[in-house]
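Take a look at the letters that make up each chain.
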Amino acid sequence: MKKNLTIDGIKHALTSKRLSARELTTDFFIKINARNPQINAYLELSPERAYAQADKIDSLVAAGKPLPPLGGVPVAVKDVLSTRGITTTCGSKILRNYVPPYDATAVARLEEAGAIILGKTNCDEFAMGSSNENSAYGAVKNPVAMDRVPGGSSGGSAAAVAAGLAVASLGTDTGGSIRQPGALCGIPAMMGSYGRVSRYGLIAFASSLDRIGPFANSVHDVAAVLGAIAGRDPNDSTSTTAPVPAYTEEINKPINGLRIGIPRDYFAEGMDSGVRDKVEKGIELLKRLGCKPVDIRMPHTDYAIATYYIIATAEASSNLARYDGVRYGLRVDDPTLVGMYRKTRGAGFGAEVKRRIVLGTYVLSAGYYDAYYLKGQKVRALIAQDFRDAFQKVDAIVTPTSPIPAFKLGEKTGDPLQMYLADIYTVTGSLAGVPGISVPCGKICGTLPVGLQLFGPAFGESRILQLAHAFEQAGGADL
Amino acid sequence: MKISREDVVRVAELAYLDLSETELETYRAQIDEILEYIGKLNELDTGNIEPMAQVLTDDQTGDATLRDDVVVPCSIAAEVLKQAPDPEPPFFRVPKVIER
């Protein structure tokens, strides 16, 4: 089995009967059982459901019927997405044995499109983190450098695909949690616009920011998975009716003449020189492909981290109030109700989650609401305006995905603020609601991958997919 | 100092969160540093700016507002109760709330 199986490759293998979906699924489980003990990308496998789906695909092949768009494609799902009958922990002790009674819409749509769900992937607890070291079930190792983090919070979903333990996966992105691990593991990774993919069944961290999106080994496959999960869902009032283009066709449109904005505010201090070198080479490549670089200003960039950590923690403190030991998850007994709440939450949540609940409750509390939460909402409006202004002049914005490549396990765990500052290039687009993709852009010293990030205007997914696809086809990963 | 030990104790009360002495001091110091950093937002004059609670504009949501309010059968109650730490079907049981 080759490492970088693609969706089209699987379709050919299945329809030409070189391989059955059941054999393919078995191959993947063998590989996962061999490598997962080192990488720790998967928390739970779902063989029963996977083989049931594989048999369905095999019977389609046997009957000579056409395969659905993701027919027989083995995928992994981040453990913050509800999966009916499959344990869903959010990387937290507080949900150790939780088995959802229903599927997230994105999960159901993957399966409707023919995908085979192999299992659930490790992540930072409740998706809070940038290194996957905040999981209650142990850190994930970066498959390209085993002493380093895969990024976070969707570290397991990125590592599973990068290690060839899934052909594609779903992650979630609140401040960079898809794009940053994609960059650090060296694979394409995308969040669509806010409202593009239903959040129904996504266990909430920060509701105005959370988005679901794909990892895969190629931009084409990212486009295919996004196309399968996108679109209006009556169960999420923030999912929009905006039509879903055929992304896998859109990616082939020419990029010649597109204007790419280079925000000089993103290329200020704090960027690793190796990252800077690769991203500058990436911009040169886009120029050679016919794109016109435009120098732009996004003057509120420097305020994005502060704004993000007000809004995200405030929303988290509210969303995580539901873990009270009553309806699901852990309960620590106490004679009084309030005592039971306090002990359950004190014992069930890890350090980063508690820190964010305290910070989020504080910025919402009487006397501090105006100074912090309201101020954050106002600056968010300014950051969104920066993007709207920029998209008057350019078709897409090009930045690094992360200021640093994958760092060593344990290197940043002692200093939360330093960890937060690594989100500088991703949180802006999260706050503005625009789509973003990270695409591989060379490797530092031949090993540590760098990601090039492309932002498009709201619901302009096609444009950044086109650019990313052309960049990839022109050898962007080998710069 | 932006946040005191008493502030953290008060906030932990509001959030129903038991914190050990060590946690109290560690989080106080770390959150103090984060709030210090967040203070940079005061460099911006936001007097005339409308706060932004969510990103979707009317033209983006189109007719995607609320679904029709129709009752649909839902038969997962038993499965939901199975997830509870102390179920007493059809109820969730909790410690006594009312003091005598």
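Residues numbered from 1 in each chain as written. Chains lettered and ligands numbered in written order. Predicted model: local features only at pLDDT ≥ 70, side-chain atom pairs only at ≥ 80, totals over all residues.

Trainee: Go over the overall build of chain A with me, naming the residues and quoting the values.
Mentor: Along the backbone of chain A there are 16 helices and 11 strands. What you see for chain A is a C-alpha radius of gyration of 21 Å, in line with the 23 Å of a compact globule of 479 residues. Oriented by its inertia axes, the alpha-carbon framework of chain A measures out at about 65 × 55 × 45 Å. Burial statistics for chain A: of 479 residues in total, 63% are counted as buried. (Helix = DSSP H or I, 4+ residues; strand = E, 2+ residues; numbered from the N terminus. Rg over C-alpha atoms; globule rule 2.2 N^0.38 Å. Buried ≥ 20, exposed ≤ 12 C-beta atoms within 10 Å, placed from the backbone.)

Trainee: Please set out the packing of helix α7 (residues 219–229) of chain A against helix α16 (residues 461–473) of chain A residue by residue, giving values where relevant.
Mentor: Residue and element names in this part refer to chain A. For the pair α7 and α16, the least separation of the axes is 9 Å and the interaxial angle reads 155°. Between α7 and α16, the angle is such that the two are roughly antiparallel. Contact residues: Val219, His220, Ala223 and Leu226 in α7; Glu461, Leu465, Ala468, His469 and Glu472 in α16. Tallied by class, residues from the contact of α7 with α16 come to five nonpolar, two polar and two charged. (Axes fitted to C-alpha atoms, helices over the stretch in contact; angles between N-to-C directions. Parallel < 35°, antiparallel > 145°, perpendicular 65-115°, else oblique. Contact = placed C-beta atoms within 7 Å. Nonpolar A, V, L, I, M, F, W, Y, C, P; charged D, E, K, R; others polar.)

Trainee: Quick one: what's the story with unusual backbone geometry, residue by residue and with numbers?
Mentor: Going from Gly152(A) to Ser153(A), the amide bond is cis rather than trans, its omega being 10°. Relative to the elements of secondary structure, Ser153(A) occurs in the loop between β3 (116–121) and α5 (155–162). In this chain, Pro89(B) is followed by Pro90(B) through a cis amide linkage whose omega measures 5°. Positive phi outside glycine occurs at Cys90(A), with the angle close to 60°. Relative to the elements of secondary structure, Cys90(A) occurs in the loop between β2 (74–78) and α4 (105–112). Phi at Phe126(A) is positive, roughly 50°, even though this residue is not glycine. Relative to the helices and strands, Phe126(A) resides in the loop between β3 and α5.

Trainee: Give me the lowdown on helix α2 (residues 21–39) of chain A, citing residues and values where you can.
Mentor: Residues and elements named next belong to chain A. For α2, spanning 19 residues, the distance from its first C-alpha to its last is 25 Å, which sits close to the expected 27 Å at 1.5 Å a residue. Bending of α2 peaks at approximately 35° at the position of Asn33, with proline Pro37 no more than four residues after it. Each element contacted by the buried residues of α2 is listed here: α1 (7–15), β1 (42–45), α3 (47–62), β2, β3 and α5. Once α2 finishes, Asn40 follows within two positions and takes phi at roughly 65°, a positive value. (Expected span 1.5 Å × (residues − 1). Bend = angle between axes of the 7 residues up to and from the residue.)

Trainee: So, the interface of chain B and chain A: which residues are in play, and what are the values?
Mentor: The interface of chain B with chain A comprises 50 residues on the first partner and 61 residues on the second. Taken together, the elements giving at least two residues each to the side of chain B that touches chain A come down to α1 (5–14), α2 (21–38), α3 (58–61) and α4 (77–82) of chain B. No other element matches α2(B), which puts eight residues into the side of chain B that touches chain A. Partitioned by chemical class, the residues of the side of chain B that touches chain A number 32 nonpolar, eight polar and 10 charged.

Trainee: Quick rundown of the nonpolar core? Include the residues and the values.
Mentor: Within the largest apolar cluster, 174 residues are counted, with the highest numbers of intra-cluster contacts made by Val75(A) and Val358(A). Among the elements that line this core, the one with the most residues is helix α10 (residues 304–319) of chain A, at 10 residues. Discounting chain neighbours no more than four positions away, the residues touching Val358(A) are Val8(B), Val11(B), Ala12(B), Ala15(B), Tyr27(B) and Ile31(B). (Core = buried A, V, L, I, M, F, W, Y, C linked by C-beta atoms within 7 Å.)

Trainee: Break down the pairing of β3(A) for me, with residues and values.
Mentor: Residues and elements named next belong to chain A. Of all six residues in β3, six are buried, a share of seventy percent or more. Examined bridge by bridge, β1 and β3 share three bridges and lie antiparallel to one another. Paired with Leu45 across the strands is Gly119, a residue of β3. The pairing of β2 with β3 spans five bridges and is parallel. (Pairing = 2+ DSSP bridges.)

Trainee: Could you give an account of the confidence of the model for chain B, naming the residues involved and the relevant values?
Mentor: Regions with low pLDDT carry predicted coordinates that are not meant to be interpreted in detail. Overall, the predicted model of chain B reaches an average pLDDT of 90, with 89% of residues at or above 70. For this predicted complex, the interface confidence reaches an ipTM of 0.94, while the overall pTM sits at 0.97. (pLDDT = per-residue confidence, 0-100.)

Trainee: Tell me about the environment of Asp32(B), and please be specific about residues and values.
Mentor: Residues and elements named next belong to chain B. Considering the arrangement of structural elements, one finds Asp32 in helix α2. For Asp32, a count of 16 C-beta atoms within 10 Å corresponds to the partly exposed category. Each C-alpha atom of the pair Asp32 and Met52 lies 26 Å from the other, and the pair is 20 residues apart in sequence. Non-local contacts of Asp32, meaning those with residues more than four positions away in its chain, are made with Met1, Lys2 and Ile3.

Trainee: An account of the packing of α10(A) against helix α13 (residues 369–393) of chain A is requested, with residue identities and associated values reported.
Mentor: All names here are of chain A. As a packed pair, α10 and α13 sit with axes 9 Å apart at the nearest point and diverge in direction by 125°. One way to sum up the angle between α10 and α13 is to call them oblique. The hand of the α10/α13 crossing is left-handed. Within the contact between the two elements, α10 uses Ala304, Thr307, Ile310, Ile311 and Ala314 and α13 uses Tyr372, Tyr373, Gly376, Gln377, Val379, Arg380 and Ile383. Partitioning the contact of α10 with α13 into residue classes produces eight nonpolar, three polar and one charged. (Left-handed = near helix turned anticlockwise from the far one by under 90°.)

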